[in-house]
Amino acid sequence: MLDKQNSGKLFQSAKKVIPGGVNSPVRAFGSVGGTPVFVKSGDGAEIADEDGNKYIDYVMSWGPLILGHCHPQVIEVLEDTIKKGTSFGAPTALEEELARFIVKRIKSIDKLRLVNSGTEATMTAIRLARAYTDRPLIIKLEGCYHGHSDGFLTQAGSGMMTSGMPASPGIPEDITALTIGAPYNSSEAILSIFRKHGEDVAAVIAEPIAANMGVIPPVDGYLQTLRDVTADFDTVLIFDEVISGFRVAFGGAQELYEIEPDLTCFGKIIGGGLPVGAIGGRAEIMDLLAPEGSVYQAGTLSGNPLAVSAGLATLKFLDEKNPYIQLDETTELLEMAMTDNLKEAGIEGIIQRVGSIMTLFFTKNEVRNFDDAKKTDTKLYRKYFHGMLDKGIYLAPSAFEAMFISTAHTTAHIERTIEAQREVFKGI
Ligand SMILES: *Cc1c(COP(=O)(O)O)cnc(C)c1O
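These notes cover the structure that comes with them. (Residues numbered from 1 in each chain as written. Predicted model: local features only at pLDDT ≥ 70, side-chain atom pairs only at ≥ 80, totals over all residues. Heavy atoms only, no water.)

Side note on unusual backbone geometry
Put simply, the rule is: Here a helix means four or more residues in a row that DSSP labels H or I, a strand means two or more in a row labelled E, and each is numbered from the N terminus. Relative accessibility thresholds used throughout: buried, under 20% of the residue-type maximum; exposed, over 50%; partly exposed, between the two (1.4 Å probe, protein chains only).
Following A290, the chain continues into P291 via a peptide bond in cis, with omega recorded as 10 degrees. By the element assignment, P291 lies in the loop between α10 (283-286) and α11 (305-321). Of note, the phi angle at K268 is positive, near 50 degrees, even though the residue is not glycine. Within the secondary structure layout, K268 lies in the loop between β9 (263-266) and β10 (277-281). Taking relative accessible area as the criterion, K268 reaches 25% and is therefore assigned partly exposed.

Section: helix α8 (residues 222-232)
Basically, it comes down to this: Note on contacts: a residue pair is in contact if any heavy atoms of the two residues lie within 4.5 Å.
What α8 keeps buried is the set Y222, L223, T225, L226, R227, V229 and T230. Those residues of α8 that are buried are in contact with β5 (137-141), α7 (187-197), β7 (201-206) and β8 (236-240). Directly after α8, the chain includes D234, whose backbone phi takes a positive value near 55 degrees.

What about the pattern of salt bridges?
Keep this limit in mind: Take a side-chain nitrogen of Lys or Arg and a carboxyl oxygen of Asp or Glu: if they are within 4 Å of each other, that pair is a salt bridge.
A full pass over the atoms with the stated rule returns 15 salt bridges. R422 is the partner of E419 in a salt bridge, and the nearest nitrogen-oxygen pair spans 2.7 Å. Of this pair, E419 and R422 are both found in helix α15 (residues 411-426), three residues apart, which corresponds to roughly one turn of the helix. Note on R422: relative accessible area 29%, which makes it partly exposed.

A look at the packing of α7 against α8
Defined as follows: Interaxial angle, 0 to 180 degrees, is taken between N-to-C directions of lines fitted to C-alpha atoms, where a helix line uses only the stretch in contact. Relative orientations are named as follows: roughly parallel for angles under 35 degrees, roughly antiparallel for angles over 145 degrees, roughly perpendicular for angles from 65 to 115 degrees, and oblique for any other angle. Residues are grouped as follows: Ala, Val, Leu, Ile, Met, Phe, Trp, Tyr, Cys and Pro are nonpolar; Asp, Glu, Lys and Arg are charged; all remaining types, including Gly, are polar.
In the contact formed by α7 and α8, the axes pass within 10 Å of each other and the chain directions differ by 10 degrees. Viewed along their axes, α7 and α8 adopt a mutual orientation that is roughly parallel. Taking contact as the criterion, the partners of S187, I190, L191 and F194 in α7 are, on α8, Y222, T225, L226, V229 and T230. The class makeup of the residues in the contact of α7 with α8 is six nonpolar, three polar and no charged.

Examining the site of the ligand
Going by this rule: Near residues are defined by distance, with any heavy atom within 4 Å of the molecule or strand qualifying the residue. Here a polar contact is taken to be a pair of N or O atoms separated by no more than 3.5 Å, where protein atoms must pair a possible hydrogen donor with a possible acceptor and residues adjacent in sequence count only if both atoms sit in side chains. Method for areas: the Shrake-Rupley scheme with a 1.4 Å probe, in which residue coverage is limited to the protein chains shown.
Within the structure, the ligand sits among S117, G118, T119, Y145, H146, G147, E207, N212, D240, V242, I243 and K268. Here an oxygen atom of the ligand and a side-chain polar atom of N212 are 3.0 Å apart. If the ligand stood free it would expose 380 Å²; the protein chains cover 83% of that surface. Its residues placed into classes, the shell around the ligand shows three nonpolar, six polar and three charged.

Read these as spatial facts, not as claims about activity.
This is the structure in structure tokens:
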């Protein structure tokens, strides 16, 4: 067993001053039990905790760290930028450079607004869609997660799913009534909702690759259905690429599947490990934002030079080095070996993967939507999670999250992970 004395003490003490001891619920290990690891430092693909334990990290800050912890190029620009001042509340050349970079590389994006988180990005995208269409309703896909703003917290993935919360108190019914849920991957369901409510639907918001109920790729034709039906009804199609953007390809899922949304939300990788989010899309819609238009949105720290320089360094690296084939190969190696491990141990499991994000679901059948995901064996995941943690492998403390593989994960890391898993499976 790991020595987690210091983490344990910190957790007890944090609980007295921070609700639940953490600043984002899933960090508390609620669904897997035990004491959360208090992280002291990270380096490449590894982290160290407050008790001196080391782990191979497959959470990677939940996605932003596609280049690993403390990538030299990111650290270098941060050191450089910090000396020139940390925030101005005035425009900087860095913001122009980041926006221009993305507009040039991603076809669906004419203009981009920077914010501080994925939550802010999706919140603003919805406001824009409602203003553009002058309609009230939004369609959200069950099990997708779009941050924690009021209209998105029904049948949401991520932490809410992990803790089994169908909805959150504190949100007036008048607001939840404006969100219509639709099962992921069902073209029939979305068409039927449009037949009934189409004229009132401002936006469909979708994770083009669902990654907050575990990784669930879109079935053939599904994204095209979303594109077609929204075009037919003059509804805004929003792709929430907070995870998939710059992850499955530089241009995200929209590049991979060749479907252009009207608006795109970014987060995570776009900040290179610092807080950045963004909304981008067609000029006609984006120009509704103040001060060009009258849809209000603002932020004291938006476009913060430190955050933007880390994001820009990360995106430049991804663009220049194009590590996506390498990421895919590394992750495939892990996937294949894990499949062998499952077979050898006689454990029912299925691995779903797109590029460098993947999930091992403890179940027999393919997982295609929220209901399928909820039926997987979370008790078994709990045992698996702690077994792996004890062997120095840091997985997400939830059965409904992705593993994130970075360019810092080497074949040696993968081999150690596979060996650890083989042993853990033996004991299950
Ligand atoms: C993480 C995430 C968000 C929320 O981003 P925050 O920066 O945590 O507010 C929104 N959408 C998706 C798809 C995400 O994975």
